[in-house]
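Take a look at the letters that make up each chain.
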Amino acid sequence: MSAYQDNEKYGEERVEYTEKSSRRASVAEEVLDLSGIEATAASKAAWLISLTISQAGLLFGYDTGYISSVLVTLGSALGHELSHSEEELVTSLTSGGALVGAVYAGLSADKYGRKMPIWVACVLFLVGTILQTAAFSVAQFAVGRFIVGLGVGSASMIAPLFIGEIAPARYRGRMIAFNNLSVTFGQFIASCLGAGFQHAGPQGWRATVGIGAIPAITLAGLLFFVPESPRQLVAHGKVEQADRSLQKIYTTSTEQQRANKIKSIQVSLEETKSVMSETSLWQTAGKIFTNAATARAVGTACIVMAVSQLGGFNTLMYYAATLFAIAGFSNATAVAITVSATNFVFSFVNLVLVDRFGRRIILCVTILGMAICMAVAAISFHFIPISQADLSISGVAPTWAAPLLLVAIVCYVAFFSSGVATIAWIGTELIPLEVRAIGTMFNTVTCWSTNIIIASTFLSIMKGASPTGAFSLYGSICFLGWLFVIFCYPEVKGMPLESIREVFQNGFGVRYSKQWQRENKHVPKVVTQTFGH
Ligand SMILES: O[C@H]1[C@H](O)[C@@H](O)[C@H](O)[C@@H](O)[C@H]1O
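About the thresholds
- Residues numbered from 1 in each chain as written.
- Predicted model: local features only at pLDDT ≥ 70, side-chain atom pairs only at ≥ 80, totals over all residues.
- Heavy atoms only, no water.
- Helix = DSSP H or I, 4+ residues; strand = E, 2+ residues; numbered from the N terminus.
- Buried < 20%, exposed > 50% of the residue type's maximum accessible area, 1.4 Å probe, protein only.
- Contact = heavy atoms within 4.5 Å.
- Areas by Shrake-Rupley, 256 points an atom, 1.4 Å probe, with all protein chains shown as cover.
- Expected span 1.5 Å × (residues − 1).
- Near = heavy atom within 4 Å.
- Polar contact = N/O pair within 3.5 Å; in protein donor to acceptor, adjacent residues only side chain to side chain.
- 1 Å grid on protein atoms, 1.4 Å probe; cavity = no way out; pocket = protein on both sides within 12 Å on 5 of 7 lines; lining within 4 Å.
- Sits in = over half its atoms within 2 Å of the grid points.
- Points joined across faces, edges and corners; volume = space filled by probe spheres on them.
- Nonpolar A, V, L, I, M, F, W, Y, C, P; charged D, E, K, R; others polar.
- Phe/Tyr/Trp six-rings, centres within 6.5 Å; stacked < 30°, edge-to-face > 60°.
- Salt bridge = Lys/Arg side-chain N within 4 Å of Asp/Glu carboxyl O.
- Disulfide = S-S within 2.5 Å.
- Core = buried A, V, L, I, M, F, W, Y, C linked by side-chain atoms within 4.5 Å.

Draft legend 1. Expanded view of the overall build of the chain. Across its full length, the chain holds 24 helices and 2 strands. Looking at the chain as a whole, 58% of its 533 residues are labelled buried. Contacts in the chain between residues at least 24 apart in sequence constitute 80% of all its contacts with a sequence separation of at least 6. Within the structure as shown, the chain displays about 20,500 Å² of accessible surface, and the carbon and sulfur contribution to it stands at 66%.

Draft legend 2. Highlighting helix H18 (residues 332-357). For H18, spanning 26 residues, the distance from its first C-alpha to its last is 37 Å, which sits close to the expected 38 Å at 1.5 Å a residue. Two residues or fewer after H18 comes Gly 358, characterised by a positive phi angle close to 95°.

Draft legend 3. The arrangement of the site of the ligand in detail. Around the ligand sit Asn 180, Thr 184, Gln 187, Gln 309, Phe 313, Asn 314, Asn 343, Phe 416, Ala 421 and Trp 425, and those are all the residues in its vicinity. Here an oxygen atom of the ligand sits 2.8 Å away from a polar atom, N or O, in the side chain of Asn 314. Asn 343 places a polar side-chain atom, nitrogen or oxygen, 2.9 Å from an oxygen atom of the ligand. Protein contacts shield 99% of the accessible area of the ligand, which totals 300 Å² for the unbound molecule. When atoms are counted within 2 Å of each cavity's grid points, the one that captures over half of the ligand is the largest cavity. Mapped onto the shell around the ligand, the elements with two or more residues apiece are helix H9 (169-197), helix H17 (313-326) and helix H21 (420-426).

Draft legend 4. Region of interest: empty space enclosed by the protein. According to the stated counting rule, one finds 8 cavities of 30 Å³ or more in the structure shown. What the largest cavity holds in volume is close to 210 Å³. Lining the largest cavity are 20 residues, with Phe 60, Val 183, Gln 309, Phe 416 and Trp 425 sitting closest to its centre. Among the elements of the structure, helix H4 (44-65), H9, helix H16 (292-310), H17, H21 and helix H22 (436-488) are those that each provide at least two residues to the lining of the largest cavity. At 4 residues, the largest contribution of residues to the lining of the largest cavity is made by H9. Of the residues belonging to the lining of the largest cavity, the class tally is 11 nonpolar, 9 polar and no charged.

Draft legend 5. How the structure looks around the packing of aromatic side chains. For the structure on display, the rule yields 19 aromatic pairs. An angle of 50° between the planes, with centres 4.9 Å apart, marks the rings of Trp 119 and Phe 224 as tilted. In this pair, Trp 119 sits in helix H7 (residues 115-133) while Phe 224 sits in the loop between helix H11 (213-222) and helix H12 (230-235), placing the two residues 105 residues apart along the sequence. By relative accessible area, Phe 224 is classed as exposed at 61%.

Draft legend 6. Structural view of the pattern of salt bridges. In total, this model carries 5 salt bridges according to the counting rule given. Salt bridges linked by common partners bring Arg 114, Glu 165 and Arg 231 together as one network.

Draft legend 7. Looking closely at the state of the cysteines. In this structure the tally under the stated criterion is 0 disulfides. There is no disulfide at Cys 302, and the cysteine sulfur nearest it, in Cys 447, is 11 Å away. Owing to a relative accessible area of 14%, Cys 302 belongs among the buried residues under this scheme. This cysteine, Cys 478, is not joined by any disulfide, and Cys 373 carries the nearest cysteine sulfur, 9.3 Å off.

Draft legend 8. Broad picture of the environment of Thr 184. Secondary-structure assignment places Thr 184 in helix H9. Owing to a relative accessible area of 4%, Thr 184 belongs among the buried residues under this scheme. For Thr 184, the residues in contact, after removing those within four places along its chain, are Ser 340, Asn 343, Phe 344 and Ser 347. Looking at Thr 184, its side chain comes within polar contact range of the side chain of Ser 347, at 3.0 Å.

Draft legend 9. Examining the nonpolar core more closely. Residues Phe 324, Val 339, Tyr 412 and Phe 471 are the most contacted members of the largest nonpolar core, which totals 141 residues. Residue contributions to this core peak at 17 residues, all from H22. Non-local contacts of Phe 324, meaning those with residues more than four positions away in its chain, are made with Phe 329, Ala 332, Val 335, Ala 336, Val 339, Leu 406 and Ile 409.

Draft legend 10. View of the side chain of Glu 429. Within the secondary structure, Glu 429 sits in the loop between H21 and H22. On the basis of relative accessibility, which here comes to 2%, the residue Glu 429 falls in the buried class. A polar contact of 2.8 Å, which involves the side chain of Glu 429, links it to the side chain of Arg 359.

Written out as structure tokens, the structure is:
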């Protein structure tokens, strides 16, 4: 059976599946018309464009990744040694900035297109980086961290959205997962450079921070060669430009196929507009909570995002070197590389597994794994004598305790990265179209607000409740998250949008989705997944 026939057969089933609602059926037919263009090979340009935009992810990763090594190498370069609360402040200010940046980018993206917010992010990255690199006071460093955060938030919101819009449907999952891979790659590079520049003297950290300016400049330059999102161009009535942009992405497409694609974009824009124009932004947001099915869909995405953050991963990303120094490792910045390296390597694993095995089974296995690893880390800490007053080592630990801690942390990161790290972002596929934009923003806001909680309380919790207490807390959150997934997370792998809507109609749809998966096991998947931050 040819790819086209496959699509046709699949389309028929999809239309049948959605015949309850004529409006949904008509949307399915619109999607059917795209089978031709979606079957054409993705051009080199499409990949190059995604690669370029993914640099925004790299910047997000780099700027959240270097703080771990910088905290332990700053010394008194900012006038005095930082107290634990100052460390928490400069760390969480980037998350705070990201929260503001994501909201701003989310609200203005439709007005200014996708490229402009990325350019703005590049400028913010650059200004924030210069301020930090040249800082001799905590205040200047803190302001720089906040400004960089604004860029991180904007990048975390726009890059996946942009990629989702230019990517041919067949490659969308991989292209967006690639963006997350760039985040983890940025974090990995940051920890390697941080460990390297530690040996360049007391001001070496300035080089680690300053290097972040390079990708910001190259991204700003390369962006001139990237076409604006066809969806954005159509939304602003620039149909001819949209056609040229599509031609670059689908090089072997015919004029008719591109016309169909543009028509389908117009239909989907109309749908969104008719819902949005009859209501204000707040009313649209209100819709999420007044419609039980929508509330369940958005709630599920946000809860999984919250688990990904409150489960404690970023305490390791931001404080790994501090933590390993507390646990008695002599070259803590080098040991901290294991965290970012594991994170990077296992995001490849997610990329390979997520469409094959589905989200639910991966989450069930990996979140439980995270909970168990946190419990082992808590037990290891129990045997390492740490004074709670100043988090310094105050005795001799059994020889197995620190290595066991390291193994537990590495396994935890592997579970995190191959599962909930990326799936938390993919979760926006659960959100119905009419509230997708605002729902996606809720998801991103959930990410950064829970991230702030983690980043600004880690050292205080370690001091107040002991390291064992802190890690038990994160382990318990993972365990609760696991229970949530078991009872409430439906499997929507390969499901058309119209069916995802049905999933949440009567409850969380775990059983419904299982049945759907069984019935559609052998149906080829085309134009079915939506991803995006
Ligand atoms: O998906 C990303 C990524 O995995 C990063 O490593 C992590 O720092 C972020 O918090 C997360 O949202």
